[in-house]
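A look at the structure
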Amino acid sequence: MRYKEQREQVLETVHLAYQADLIRMSAGNISLRTEDDMVVITPSGIKYRNMTVKDISVVDLEGEPIDGPPPSSETPMHTAIYRHISRAKGICHTHSRYGMIQAHLQEDVPLTNIELMMCGAPIPVAPWAAPGTEKAGEVTVDIFQSRPELHVILLRQHGLVALGGSLAQAYEHAYNAEVGLETHYKVRLVQAPQSFTEAQIQEIKDVYGL
Ligand SMILES: [Zn+2]
């Protein structure tokens, strides 16, 4: 099987994200970019629960099928990000619950907790683009290009996309984003969340070596 190791890596991340309730049924999608610039990505319409390594697809950077079943319907967003954002080696697009809520609130999420800081907060909400369209790629690429420190974007009325220098990093950002967004949302039910001050941000950066 071609790209067996990378397919196994994608499947392993699917299992992690499924168990963490970041993805469910067949919503959300996960990919990595290989060293020879192929994209190994979850397939279209196969339930995560039953997914095997043979179900993982391989496409080129233009989204042309190379191996495996038809790729995720949201492949154009993944390939656009890989074509234009060289630091992206892995992508997790989730329909995680608090990511979706915040994407519906349509306001950028400020830097109010450490998990959001790890994601490069403030976390912006991208302009509306229907899932699976080229436009979904364009709007996310525009933001990632203008914010080189940013790892996570909320997709308006849709979900969340996280990138990383590896698939493991992308997953970590997607996971941290969900914890940070849930915390931000729930604090807001009680009182206005406090954004970190510049001095606090520097203190945290010093501690974590950021
Ligand atoms: Zn989606």
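Here the residue numbers are simple positions, counted from 1 along each chain's written sequence. For a predicted model such as this one, the threshold for reporting local features is a pLDDT of at least 70, and the threshold for listing and counting side-chain atom pairs is 80 or more; totals across whole chains, interfaces and linings nevertheless cover every residue.

1. Observations regarding unusual backbone geometry
Here is the rule we go by: Here a strand is any run of E in DSSP of at least two residues, a helix any run of H or I of at least four, and the numbering for each starts at the N terminus. Any residue with 12 or fewer other C-beta atoms within 10 Å of its own C-beta is exposed, any with 20 or more is buried, and the rest are partly exposed; the C-beta atoms used are placed from the backbone.
The omega torsion across alanine 121 and proline 122 is 5°, close enough to zero to call that bond cis. Within the element layout of this structure, proline 122 appears in the loop between α4 (114-118) and β6 (125-126). Here the phi dihedral of tyrosine 3 falls at roughly 55°; this positive angle occurs in a residue that is not glycine. Counting through the fold element by element, tyrosine 3 comes out in the segment before α1 (4-19). With 22 C-beta atoms counted inside 10 Å, the residue tyrosine 3 sits in the buried group. Although it is not a glycine, aspartate 21 sits at a positive phi angle of roughly 65°. Position of aspartate 21 among the secondary structure elements: in the loop between α1 and β1 (29-33).

2. What to know about the environment of isoleucine 30
Stated formally: Placing a C-beta atom from the backbone of each residue, one calls two residues in contact when those atoms lie within 7 Å.
When you line up the elements, isoleucine 30 lands in strand β1. Taking the C-alpha atoms as reference points, isoleucine 30 and cysteine 92, 62 residues apart in sequence, are found 4.6 Å from one another. In this structure isoleucine 30 touches Val10, Thr13, Val14, Ala17, Thr42 and Cys92, once residues within four positions along its chain are discounted.

3. Some remarks on the nonpolar core
Nonpolar side chains tend toward joint burial in soluble globular proteins. Going by this rule: In this usage, the nonpolar core is the set of buried Ala, Val, Leu, Ile, Met, Phe, Trp, Tyr and Cys residues whose C-beta atoms join them within 7 Å.
Residues Ile81, Leu160, Ala162 and Ala174 are the most contacted members of the largest nonpolar core, which totals 51 residues. Setting aside residues no more than four positions away along its own chain, leucine 160 makes contact with Thr94, Ser96, Gly99, Ala103, Val152, Leu154, Leu155, Ala174 and Ala177.

4. Some remarks on the sheet that holds strand β3 (residues 57-60)
We apply this condition: Here the rule is simple: two strands pair whenever DSSP picks up at least two bridges between them. Here an angle of 0 to 180 degrees is reported between the N-to-C directions of two axes, which are lines fitted to C-alpha atoms, with helices fitted over the stretch in contact.
Sheet architecture is open: eight strands sit in the order β4-β3-β2-β1-β5-β8-β7-β6, paired in mixed fashion. Unpaired on one side and paired on the other, β4 (65-67) and β6 mark the two borders of the sheet. Where β3 and β4 come together, two bridges link them in antiparallel fashion. Bridge assignment links valine 59 to a residue of β4, and that residue is proline 65. Contacting β1, β2 (38-41) and β5 (90-94), α1 crosses the sheet at an angle of about 145° to β1.

5. Overview of the pairing of strand β8 (residues 159-164)
In terms of burial, β8 is largely enclosed, as six of its six residues are buried. Burial of β8 is two-sided: the residues Gly159, Val161 and Leu163 facing one way and the residues Leu160, Ala162 and Gly164 facing the other way are all buried. With four bridges connecting them, strand β7 (residues 152-155) and β8 associate as antiparallel partners. Within β8, the position partnered with leucine 154 by the bridge is leucine 160. Remark: three residues form the turn of the hairpin made by β7 and β8, two consecutive strands paired antiparallel; glutamine 157 in that turn has positive phi of roughly 50°.

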